[in-house]
Amino acid sequence: MNKVQFDVLSELMKEPNQSQRSIADSVGISLGSANSALSALRGEGLVEQNGTRVTEEGKAVLEPYRVKNAIIMAAGLSSRFAPISYEKPKGLLTVHGEVLIERQIRQLIEAGIDDITVVVGYKKEYFFYLEDLLGVKVAINDDYATHNNTSSLMAVRSILGNTYICSSDVYFADNPFRRYEWKASYAVQYSEGPTDEWCVQIGGKGRIKSVSIGGSDSWYMIGHAYFDRSFAEQFVKVLEEEYDLPQTAPKLWEELYLDHIKEFEMVACKYEKGSIWEFDSIDELRLFDPLFLENVDSEAFDNIANVLGCEKSEICDIYPLKQGLTNLSCHFRTKKGEYVYRHPGVGTERLIDRAAEVKAQECAKELGIDETFIYEDPVKGWKISHFIPNARQLDPHDDIQLGRAMQLAAALHSQPLKLDRRFDFYEQSRAYESALLEHGSIDVPGYQQMSEAMDRLYGHVSSETSQSCLTHNDFFYLNLLVDDADKIYLIDWEYAGMADPSNDFGTFVVTCELSGKEARRALEHYFGRVPTFEETRHNFAYIALAGWCWYVWSLVKEAEGDNVGEWLYIYYDYAKTYLSKTLSMYEEPEEGSAA
């Protein structure tokens, strides 16, 4: 049985009583090809001689091609859909009156595929209702935050075989699913002119020979794929062999396939333009559904409209900004200008005093240190700020810029303003330690010894007389932005409070990864002179305390499922290095003075 005969036979299984003209139109072939295929099928006894009904033998021949199940991947964050994706997964957005994933599930069911598994990760609980509503199964992807969508297929690898592979956020204008499929395939549409999509080069019998990112006048990959049993078995083998390799973590499953494309047989399944819709941004979705924003159930867009006094339809040019360790932020524009919407990260309500942050922001705005601030909700922590076009980050390794940063810190510390909140690195580290213990005992090797040494260091520091002033406590280059007019803005005041001014110096050295020479130079800029031994010792102690505080904070975030990455080691390394250095300066001052 060839491909045309298969298409005719599977079409007759779906709709048996058809004319030859109808068969030709449905399959997309000429009337002559339909006649020829039907004649061959009758000759093999697969279709009744005097009709178009499939025989029992024909049904048996089709059985190996029957689609067994469908996998819908719905685990990712979809950060390009910020801020809506901060509130709910992209697959649950309503487009033209239908929830994307619900529409797709119903299309699968209409095609006779009722074994459907939704793979979830980010905000997984939002999808559980689908089990009762539409009878699907749910599989949990625990690796969604550390791996790309290879992790979703890894989670369901045992059930792959004659399987549709779908994404929850795709809109199919017409139902693309069939009860029977010829062989492994990937949906493609044609682009007239240039495109940034994954363009396929198609060989004989429709086989995908190669793929390039970007091209012109080309077929490109979009929508869903289909794994037949042979493809699935081979893909699972590769997946299991390479999943734990570091280079696999950021890869899409399609990239894993392309790495071995010569070993796989997958054909291009062509669809007319407009049949399949993927939305890479909110602005793209609005072009497809102009009333999307007006109808979207999004607290973030309601917040923006209420604070700025604009219509939701005005909000555009929305894209995610570089994500911080505690928050998620996106850029947007209205008729009045460009702004940033910040969404608080998971668990930050337990770590951050939002009311104190609001007061600190208001103080910073009054002082002209951060004029970007517009509004922050003192309970929920979302914030709206002015966006600084063409902003660049301060370079802490440039001596002139280092001096400007230290002078800004000195100016901040000289202000008589006060907050009710107190921020002590040692006390804060103990609070983080309590949060960490909620996840179980702390069995990190060396942790207890460092903790006890920090107790000794804090004993020395706390016995010294020092001032308490308004400090930023997250004072480093990522929060120091320079605009086109060379004005510096100190942003993100989540940890601001009354503290020893050395808090900001300690944080700056650690997070900017200053060398010992640069740290001493920073102190000279701060004081406007060469600091004394006692001043140096005191400030160096706060490098250790800052490193320790943020190290314990990082352990908390990791325990909560976040990936702090290299910062975990950076904080640890500065805490360890300066702990030893400053204990020597306190307990063996003659020896420590040479450190």
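Relevant structure appears above.
Nothing here was measured: the structure is a model prediction, and the numbers come from that model. (Residues numbered from 1 in each chain as written. Predicted model: local features only at pLDDT ≥ 70, side-chain atom pairs only at ≥ 80, totals over all residues. Heavy atoms only, no water.)

## Overview of the overall build of the protein chain
Each helix and strand counted, the protein chain has 22 helices and 21 strands in total. Within the span of the protein chain, comprising 595 residues, buried residues form 53% of the whole. Residue pairs at least 24 apart in sequence account for 71% of intrachain contacts in the protein chain once pairs closer than 6 positions are excluded. Split by element, the accessible area of the protein chain, about 26500 Å² in all, is 48% carbon and sulfur. When the 58 positive and 95 negative side-chain charges of the protein chain are each reduced to one mean point, those points stand 4 Å apart. (Helix = DSSP H or I, 4+ residues; strand = E, 2+ residues; numbered from the N terminus. Buried < 20%, exposed > 50% of the residue type's maximum accessible area, 1.4 Å probe, protein only. Contact = heavy atoms within 4.5 Å. Areas by Shrake-Rupley, 256 points an atom, 1.4 Å probe, with all protein chains shown as cover. Lys, Arg positive; Asp, Glu negative; His and termini not counted. Charge placed at Lys NZ, Arg CZ, Asp CG, Glu CD.)

## Some words on the environment of Ser26
With respect to the secondary-structure elements, Ser26 resides in helix 2 (residues 20–27). Residues Ser26 and Ala541, spaced 515 residues apart in sequence, show a C-alpha to C-alpha distance of 77 Å. Aside from chain neighbours lying at most four places away, what touches Ser26 is Glu11 and Gln18.

## Looking at the packing of aromatic side chains
Following the criterion strictly, the structure yields 43 aromatic pairs and no others. Ring plane angle 55° and centroid distance 5.8 Å describe the contact between Phe231 and Tyr257, whose orientation is recorded as tilted. Of this pair, Phe231 sits in helix 9 (residues 229–242) while Tyr257 sits in helix 10 (residues 253–259), placing them 26 residues apart in sequence. Of the aromatic side chains, those joined through ring pairs into one cluster are Tyr186, Phe227, Phe231, Phe235, Trp253, Tyr257 and Phe264. The ring of Tyr489 has Lys487 lying over it, and the distance from NZ or CZ to the ring centre is 5.5 Å. Above the face of the Tyr578 ring, Lys581 is positioned so that its terminal group lies 5.5 Å from the ring centre. (Phe/Tyr/Trp six-rings, centres within 6.5 Å; stacked < 30°, edge-to-face > 60°. Lys NZ or Arg CZ within 6 Å of the ring centre and 35° of its normal.)

## As for the pattern of salt bridges
In total, this model carries 37 salt bridges according to the counting rule given. For Arg430, the salt bridge goes to Glu433, with nearest N and O atoms at 3.1 Å. In this pair, Arg430 and Glu433 both sit in helix 16 (residues 425–437), 3 residues apart, roughly one turn of the helix. The exposure classification of Arg430 matches that of Glu433, with both residues buried. (Salt bridge = Lys/Arg side-chain N within 4 Å of Asp/Glu carboxyl O.)

## So, the side chain of Arg103
Along the chain, the position of Arg103 falls in helix 6 (residues 100–110). By relative accessible area, Arg103 is classed as buried at 13%. In this structure Arg103 touches Glu98, Tyr171, Phe172 and Ala173, once residues within four positions along its chain are discounted.

## A short note on the sheet that holds strand 20 (residues 488–490)
In space, the 3 strands of this open sheet follow the order 17-19-20, with antiparallel pairing throughout. Edge positions in the sheet fall to strand 17 (392–393) and strand 20, since each of these pairs with one other strand and no more. Strand direction decides the pairing type here: strand 17 and strand 19 (residues 480–482), joined by 2 bridges, are antiparallel. Each bridged residue has a counterpart across the sheet, and for Gln393 the counterpart in strand 19 is Leu481. (Pairing = 2+ DSSP bridges.)

## Things to note about the nonpolar core
Where a protein is soluble and globular, its nonpolar side chains tend to be buried together. The biggest cluster of nonpolar side chains holds 73 residues, and the ones touching the most others in it are Leu457, Leu480, Phe505, Phe508 and Trp550. The dominant element in this core, judged by the number of residues it contributes, is helix 20 (residues 533–559), at 15 residues. Here Leu457 is in contact with Ala541, Ala544, Leu545, Leu579, Thr582, Leu583 and Tyr586, once residues within four sequence places are set aside. Val119, Ala225, Val236 and Phe264 belong to the second largest nonpolar core, which has 32 residues in total. (Core = buried A, V, L, I, M, F, W, Y, C linked by side-chain atoms within 4.5 Å.)

## A closer look at the sheet that holds strand 10 (residues 267–270)
Each strand in a sheet pairs with another by means of backbone hydrogen bonds, the pair being arranged parallel or else antiparallel. Pairing is mixed in the open sheet, where 7 strands are placed in the order 5-4-1-6-9-8-10. Looking at strand neighbours, the two that pair on one side only are strand 5 (137–140) and strand 10, the edges of this open sheet. The sheet shows a mean angle of 40° between the axes of neighbouring strands, direction not considered. Bridge count between strand 8 (residues 185–202) and strand 9 (residues 208–227): 14 bridges; the pairing is antiparallel. Paired with Val200 across the strands is Val211, a residue of strand 9. Strand contacts of helix 6: strand 1 (69–74), strand 4 (116–120) and strand 6 (163–167), with the helix running at about 175° to strand 1, the strand carrying the most contacts. (Axes fitted to C-alpha atoms, helices over the stretch in contact; angles between N-to-C directions.)

## Observations regarding the pairing of strand 9
In the sheet, strand 6 pairs with strand 9 via 3 bridges, with the strands oriented antiparallel. By the bridge assignment for strand 9, Tyr164 is matched with Tyr226. The turn linking strand 8 back onto strand 9 is made up of 5 residues, and Lys205 within it adopts a positive phi angle of 55°.

## With respect to the packing of helix 18 (residues 502–511) against helix 21 (residues 567–587)
For the pair helix 18 and helix 21, interaxial distance at closest approach is 9 Å and the crossing angle is 125°. One element, helix 18, and the other, helix 21, form an angle in the oblique class. Helix 18 and helix 21 meet at a crossing whose hand is right-handed. Only Trp567, Ile570, Tyr571 and Tyr574 of helix 21 make contact with helix 18, whose side of the interface consists of Val509, Val510 and Thr511. The class makeup of the residues in the contact of helix 18 with helix 21 is 6 nonpolar, 1 polar and no charged. (Parallel < 35°, antiparallel > 145°, perpendicular 65-115°, else oblique. Left-handed = near helix turned anticlockwise from the far one by under 90°. Nonpolar A, V, L, I, M, F, W, Y, C, P; charged D, E, K, R; others polar.)

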